[in-house]
Amino acid sequence: MADATIEDYYVEDRTFAPSPDFAAAALASNRSLYDEAEADYEAFWARQARELLSWDRDFHSVLEWDLPFARWFIGGALNVSYNCLDRHVEAGQGNKIAFHWEGEPGDTLTITYADLLTEVSKFANVLKGLGLGAGDRVAIYMPMIPELPVAMLACTRIGVAHSVIFGGFSPDAIVDRCEDAEARLIITADAGYRRGAPSMLKPNVDTALSQGAASVEHVVVVNRCDTDVDMAEGRDLWWHDLMADASADCPPEPMDSEALLYLLYTSGTTAKPKGIMHTTGGYLTQVAFTHKYVFDLKPDTDVYWCAADIGWVTGHSYIVYGPLANGATSVIYEGTPDTPGRDRLWDIVERYGVTQLYTAPTAIRTFMKWGAQEPAKHDLSSLRVLGTVGEPINPEAWMWYHTNIGGEGCPIVDTWWQTETGSHMISPLPGVTTTKPGSATHPIPGVFAELVDDDGRPVERGGGYLTITRPWPSMLRGIWGDPERYRETYWSRFEGRYFAGDGAKVDDDGYLWLLGRVDDVMNISGHRISTTEVESALVDHAAVAEAAVVGAADDTTGQAIIGYVILRGSHDATDELGEEVRQHVATKLGPIARPKTVVLVPDLPKTRSGKIMRRLLRDVAEGRSLGDTTTLADQSVVDEIRTRAAESPQED
Ligand code: WTA
């Protein structure tokens, strides 16, 4: 995979070292964590596990590795909710704020660690009252309201594994996931607020249960929006009724290190979603470690905000488990960033004095499209670390984030990881690493990554497949109910290595540049070109707000590059401008990377979590009928794109 060199594509050559002030105050400002982990990574993780967490019973061995099956901290026992709540309260932190919760309509709730412990204990007793206990699975389908982390933590208190289903998913997705996990209970709400109105949830659960998911015995419903919902007699129960009588006395149950903590389903290249399994001790160790060091968390003074949805792994690890394990004060926001205005996020940052902000490149590019005047309305000087996750960040978006949100003074941590990895794997440490815009830099201490070529040979410089060479504490323990698929999906492509599905490059300084999923890397006349790099070049044009690129089958060149481009507000979608944008890529990256077609579109097809659905764009480009579009946020977008694509000029 070593055709393109970094010099061909590199569009921003400034580097950013931590400022002396930042480094002087940072939790990590030198290489000692890296050196320690390098010398003995098992001992390193054992130290983190013992220092960051409280154990009911210490572990007797650190790691048992029977490739591809890992067990970490063997013999140890601990409770996740105890680690997230009780121990902070016992240490006199009961009045400390765990969450500043903000509803979309503007209602707010300040939740202390003591409040959260009470609510979690009560709901754990509710779960027990419904006959649930260790070994059971519970599905959670909720908006971003305080009851969501309460429900998750209550499960962990009594050894029930949760399976959170993102609130944007359809009834079909609920059926599939509940059936696969044999969930006995669904916890939901009538609705949650999105763009100024209730977005219904409970009716989707009703539809799902009329279609299948026979294992589900009860549905617990939070009344968030006071909408009219049907309550099935005997099956459906109101959260507030159950909580009214619940006792707040529920001792946390010590769980084995390897007890199942949760399932989280990922969809993607294959039809059937995979239930990714995470367990207790290793997961909590690595999320706590990374949350602390990657965000340089100072729990006494920081107000941390991960603006993701808890329905995704980012929210599990970096809204719920990492921050609470570390005793942090965090913000949770229910709604969309454009309600009531496009400055909603910046208003929240200002009002709560947010110190760390963690969001996705796609969000940053949307903010770019809305314009720098929105953040400029607010005082963002409380911010000191900025994070990104979810996709490669193009250097332009990185620089915009750096300049307009970070006021040129905040380190940016570009964190690469996956649902499967459970927590950060590749990321700068903000007081240590000199960053390059667009590079996730290096593996964190205790994680070992290597690029390999098609034959599995290590690649020292240039492009390759990203693999992880040693087990890590928060790694997935398998795919629920399908150990063979686990081995096949992640461990069979390159022997002895976890293959992440991503391509990457190492530059001459040893920095890692994530190039996106391997199926997003195009092959044009035998040259490998990353969709990300072409996208980066497209958005580098002054008229372009956002771009998505796919490789479409082409008789002559193998694949051809098709670019879909959203223009900034003031520009008209003319053929001339499309041609200019196309040429701009040639100027930036070289003629080989010039798209065959640039289609100027009003919007891009995105999942409800904001990921661009390139598969659909590829289907459009290749004139195929569309596959599954159920995860699309807005179904009408694709029709419009199809029309525009048919009208766009093509290079011969
Ligand atoms: C991509 C999200 C580049 C990658 C936590 C990975 C990234 C997939 C980055 C996992 C990043 C995530 N730079 N690509 N910083 N972070 N990805 O499971 O392709 O929703 O394989 O987990 O997102 O997505 P998932």
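**Side note on the pairing of strand E10 (residues 197–200)**
Then step 1. Bridge analysis of strand E9 (residues 191–194) against E10 gives four bridges, and the strand direction is antiparallel. The residue of E10 that forms the bridge with Tyr-193 is Pro-198.
Then step 2. If you look at the hairpin formed by E9 and E10, you'll find two residues sitting between the two strands, and Arg-195 has a positive phi there, around 50°.

**As for unusual backbone geometry**
Then step 1. Following Leu-67, the chain continues to Pro-68 via a peptide bond in cis, the omega torsion being 5°.
Then step 2. Within the fold, Pro-68 resides in the loop between strand E1 (61–66) and strand E2 (69–74).
Then step 3. Backbone torsion omega between Thr-339 and Pro-340 reads -5°, so that peptide bond is classified as cis.
Then step 4. By the secondary structure assignment, Pro-340 is in the loop between strand E17 (330–333) and helix H13 (344–352).
Then step 5. Even without a glycine there, the phi angle at Phe-73 is positive, about 60°.
Then step 6. A relative accessible area of 0% means that Phe-73 is categorised as buried.
Then step 7. Notably, Ala-213 is not glycine yet its phi reads approximately 55°, a positive angle.
Then step 8. Along the polypeptide, Ala-213 turns up in the loop between helix H9 (202–211) and strand E11 (218–222).
Then step 9. A residue is classified by how much of its surface remains accessible, and Ala-213, at 3% relative accessible area, is buried.

**Remarks on the pattern of salt bridges**
Once their charged atoms are close, side chains differing in charge can pair, the charge on each being opposite to the other.
Then step 1. Summed over the entire model, instances satisfying the criterion amount to 34 salt bridges.
Then step 2. Residues Arg-195 and Asp-338 are paired through a salt bridge, measuring 3.2 Å at the closest nitrogen-oxygen approach. Residue Arg-195 is found in the loop between E9 and E10, and its partner Asp-338 is found in the loop between E17 and H13; the two are separated by 143 residues along the sequence.
Then step 3. Relative accessible area serves as the criterion here: at 57%, Arg-195 is assigned to the exposed category.
Then step 4. On the accessibility criterion, Asp-338 (23% relative accessible area) is partly exposed.

About the cut-offs
Residues numbered from 1 in each chain as written. Predicted model: local features only at pLDDT ≥ 70, side-chain atom pairs only at ≥ 80, totals over all residues. Heavy atoms only, no water. Pairing = 2+ DSSP bridges. Helix = DSSP H or I, 4+ residues; strand = E, 2+ residues; numbered from the N terminus. Buried < 20%, exposed > 50% of the residue type's maximum accessible area, 1.4 Å probe, protein only. Salt bridge = Lys/Arg side-chain N within 4 Å of Asp/Glu carboxyl O.

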